[in-house]
Amino acid sequence: MHKLGIGVLSLALAGIQLSAVAQRKSVNQRVDSVMRLMTLDEKIGQLNQYSGREVTGPLVKQNANMLNDIKLGRVGSMLNVQGVKNTRQVQEVAMQSRLKIPLLFGMDVIHGYKTIFPVPLAESATWDMDLIGLSAHIAAKEAAAVGLHWTFAPMVDIARDPRWGRIMEGAGEDTYLGNEIAKARIIGFQGKKLGGLDAVMACAKHFAAYGAVSSGRDYNDVEMSDHQLWETYLPPFKAAVDAGAATFMSSFNTLNGVPAAASDYLQRDILKGKWNYSGFVVSDWGSIDQMIKWGYVADKKEAALKAILSGCDMDMMSYSYLEHLKDLVSSKKVSVKIIDDAVKRILAKKFELGLFDDPYRFCSEEREKAELNNPEHVNATLKVAQKSIVLLKNQDAVLPIKQSVKTIALIGPLGDSKRDMQGAWAGANDADRVVTLLKGLQQKLGNNVRINFVKGASIKTNDTTGIAEAVKIAKDADLVIMALGEAYDMSGESRSRADIGLPGKQNELFNAVQATGKPVVAVLMAGRPLTFNQIADKAKAVVYAWFLGDQAGNAIADVLTGKMNPSGKLPVTFPRSVGQIPLTYNDYKTGHPYNANVFQYQTGYIDVPNSPLYAFGYGLSYTTYKYADLKLSNTTMDKKGVITASFNLTNTGTTAGEEVVQLYVHDPVASVVQPTKKLKGFQKVALSPGESKTISFTISNETLAFYNQQLKWDSEPGKFKIMIGGSSDKLELQADMELK
Ligand code: BGC
């Protein structure tokens, strides 16, 4: 993160906290005044969320029962009603209810509403919190302009298994990076204070440990030690609370046998207890009554009972609260106090959003039109896309494309694809807004270069008939660019894959084209890390382009032509083989440390190296950087002290660039064995050719602490290793220090 970025973020946070105290007081008073008027039925209604797929669209399709329920005050929120016209129509129905309590409109605006940004995992590769915040802010601006109040984002689940399709929706594998990104996204969505017309409520999801579903299969069980939960999976949720996330969503998985939707431990003990969270928790879609299928409860009534008691405030689409809470209160299984607490949390947000003052304040057709066609949003998505690209290989400096290249063969099923570029969870996307790679290259290279394009293969079939034509155009070319990868709907929710290689006959296509001897630049696009050992070995260059959104083609063309020097770094480890999963940079030495030259009695496989194909934090540039002269301000400190680690970073090449410098620490002897390295800081530094800068990181107790055996966050005196470099597997600067 830019140093400035950290300062601005913490100032913004301090401001939010101060004004929040005063604001909460008056909001609470207003909430109480409404509560006094409410019947039990009306209170329960606030806890119910319906999906509006059925009520939006042409009026004839409206579901009379749902609208009637809204009129009767039996609905607190709708999801998937979007557009000023639709939200206004449905809000008008809520205004016919006895107490005229406004509805909340929510939707999954994950990486853009109309302007589609790179998928969240791709954005995480920027390591640029200002850009990530900007992307969330623009998504929120567009969402708020179409009448929405709430996005079900960000997903802050740490994900260490690329088989899991939802890895595309988060910040990757690392907790420290995940914390920073969670904060940036939440502040981006919500603005400084809820209630702005350019902001929506964020929702930190999925609470908790969803990213660790067994075998990467979506919706699965999670068995996890408390230690791992606290050390790795919970911190981004805590960061979300600290950043002021208005809402939380519980997850579909079980955690150690208990469905998260009914977890006292997660919702009451941790979130609303230890963390004193004042927002509200919504279930995931239908997850309350899915507890019947899990075999955790016998029926819907018991499901409602367990969910409300454990702290789930709003029921998304299972009708369990609506159907059973009243009975549960009558039979004294649920106290009115518990219902009141949930209702108050929801009403407070409606007040904070200003909806009691004006339920239609997000319903301006003028604003809708302006924001959905705002050219600044297009520029922003291009900028984020350019910086999300990770250059993985560049043998013989084949990139950027040389002036001498006069004919390019663009080959591959993703070369001219529009919809795929937008990835999963693409809001109210419009595929016609997408600039494809072919288009981007044509625009960038103009008439100077001839570009021939063939698909060569398809992603979802085993058709090989296009390969011959692909080989033909490759033979005629000076350079081959291959656009390979997954289709947009092969990652995302319910899109787990057991084989994360290139689908269809794309490997065959690559091999045939590569055999022509022409230099091949592979541009790989996907919502997850793929395995592609052969391509990594044989292509001259490999560019990882994820799914970059509407401006994908321009962004990739900018990098290929050298208009933009790539600066992305992987936010997740790329394995060589599915058998290595889960594979992260922060592994353990074990009692039998790995030695690549010995094949016995050591941690490791006998058939593949332990190392990944590409490590966390890795990414090349068109320039080179020299890391030198690491100095610690002191080599010892006590728990209250700090040490500054500074070093010189020099751009030793001839191109301006941005480098993500990374700080890792290792505690070699600890009461809970520590990984060989943990990311504890990063900065993105811009350098012109030949320029040097002195970069500093501050090491404090926080940098050295971990969850000990009593689950207390603390450090232990002793020696520590400080490591700095441009990738987790290449930390050229190292020094020892001691904590007294
Ligand atoms: C997903 C959530 C999403 C919700 C509403 C669920 O299936 O797990 O992440 O917010 O649907 O669309």
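In this text the structure is predicted, and so the values were computed from the model without any measurement.

**Student:** Tell me what's going on with the confidence of the model for the protein chain, and back it up with residues and numbers.
**Tutor:** Mean pLDDT over the protein chain stands at 95; residues scoring 70 or higher make up 95%. In this model, residues 56-62 is a region of pLDDT below 50 whose contacts with residues beyond four sequence positions or in other chains number 11 contacts.

**Student:** Can you lay out the nonpolar core for me, pointing to particular residues and giving the numbers?
**Tutor:** Membership of the largest hydrophobic core comes to 202 residues, with the highest contact counts inside it found for F248, I411, I481, F532 and L560. In terms of residue count, helix α14 (residues 336-352) provides more of this core than any other element does, seven residues in total. In this structure L560 touches L399, P400, I401, L437, L441, I481, V521, V523, V543 and Y622, once residues within four positions along its chain are discounted.

**Student:** Can you lay out the UniProt feature "domain: Fibronectin type III-like" (unreviewed entry) in the protein chain for me, pointing to particular residues and giving the numbers?
**Tutor:** UniProt marks residues 659-728 with the feature "domain: Fibronectin type III-like" (unreviewed entry), using the numbering shown here. Its end C-alpha atoms 14 Å apart, residues 659-728 is made of 6% helix and 54% strand.

**Student:** Describe the sheet that holds strand β26 (residues 718-725), with residues and values.
**Tutor:** Across the sheet, five strands lie side by side as β19-β27-β26-β21-β22; this open sheet has mixed pairing. The open sheet has two edge strands with one neighbour each: β19 (636-637) and β22 (678-687). Direction of pairing for β26 relative to strand β27 (residues 733-739): antiparallel, over a ladder of seven bridges. Counterpart to M723 in the pairing with β27 is Q734.

**Student:** Lay out the environment of L613 in plain terms, naming residues and giving numbers.
**Tutor:** Assignment of secondary structure puts L613 in the loop between α21 (552-561) and β18 (625-632). With a relative accessible area of 16%, L613 lands in the buried category. Placed 37 residues apart in sequence, L613 and R576 show a C-alpha to C-alpha distance of 4.9 Å. Beyond its immediate sequence surroundings of up to four residues, L613 is in contact with F532, N533, A536, F574, P575 and R576.

**Student:** Give me the lowdown on the environment of Q709, citing residues and values where you can.
**Tutor:** Relative to the elements of secondary structure, Q709 occurs in the loop between β24 (706-707) and β25 (713-714). By relative accessible area, which is 60% here, Q709 ends up exposed. If we skip the residues at most four places from it in the chain, Q709 touches S671 and V672. Reaching out from Q709, the side chain makes a polar contact with the backbone oxygen of S671 at a distance of 2.9 Å.

**Student:** Please set out the packing of helix α17 (residues 437-445) against α21 residue by residue, giving values where relevant.
**Tutor:** Viewed as axis vectors pointing N to C, α17 and α21 meet at an angle of 50 degrees, and their least axial separation amounts to 7 Å. With respect to each other, α17 and α21 are oriented oblique. Considering only the axes of α17 and α21, their crossing is right-handed. Only G553, N554, I556, A557, D558, L560 and T561 of α21 make contact with α17, whose side of the interface consists of L437, G440, L441, Q443, K444 and L445. Taken together, the residues of the contact of α17 with α21 break down into six nonpolar, five polar and two charged.

**Student:** A description of helix α15 (residues 365-372) should follow, citing residues and the corresponding values.
**Tutor:** For α15, the complete set of buried residues consists of E368, E371 and L372. Seen from one end, α15 has its buried residues packed into an arc of 90 degrees, which puts them on one side. Away from the buried face of α15 by more than 90 degrees, exposed residues E366 and K369 are located. On the buried face of α15, the contacting elements are α4 (84-94), α6 (129-145) and α16 (375-388).

**Student:** I'd like a rundown of the site of the ligand, residues and numbers included.
**Tutor:** Near the ligand the following residues occur: L79, D108, F152, R166, K205, H206, M249, F252, D284, W285, M316 and E493. Between the ligand and the protein, one listed contact pairs an oxygen atom with a side-chain N or O atom of E493 at 2.7 Å. Alone, the ligand offers 310 Å² of accessible surface; in the complex the protein occludes 94% of this. By residue class, the composition of the shell around the ligand is six nonpolar, one polar and five charged.

Cut-offs used in this document
Residues numbered from 1 in each chain as written. Predicted model: local features only at pLDDT ≥ 70, side-chain atom pairs only at ≥ 80, totals over all residues. Heavy atoms only, no water. pLDDT = per-residue confidence, 0-100. Contact = heavy atoms within 4.5 Å. Core = buried A, V, L, I, M, F, W, Y, C linked by side-chain atoms within 4.5 Å. Buried < 20%, exposed > 50% of the residue type's maximum accessible area, 1.4 Å probe, protein only. Helix = DSSP H or I, 4+ residues; strand = E, 2+ residues; numbered from the N terminus. UniProt positions renumbered as here; feature names shortened; annotations may be inferred. Pairing = 2+ DSSP bridges. Polar contact = N/O pair within 3.5 Å; in protein donor to acceptor, adjacent residues only side chain to side chain. Axes fitted to C-alpha atoms, helices over the stretch in contact; angles between N-to-C directions. Parallel < 35°, antiparallel > 145°, perpendicular 65-115°, else oblique. Left-handed = near helix turned anticlockwise from the far one by under 90°. Nonpolar A, V, L, I, M, F, W, Y, C, P; charged D, E, K, R; others polar. Arc of directions from axis to C-beta. Near = heavy atom within 4 Å. Areas by Shrake-Rupley, 256 points an atom, 1.4 Å probe, with all protein chains shown as cover.

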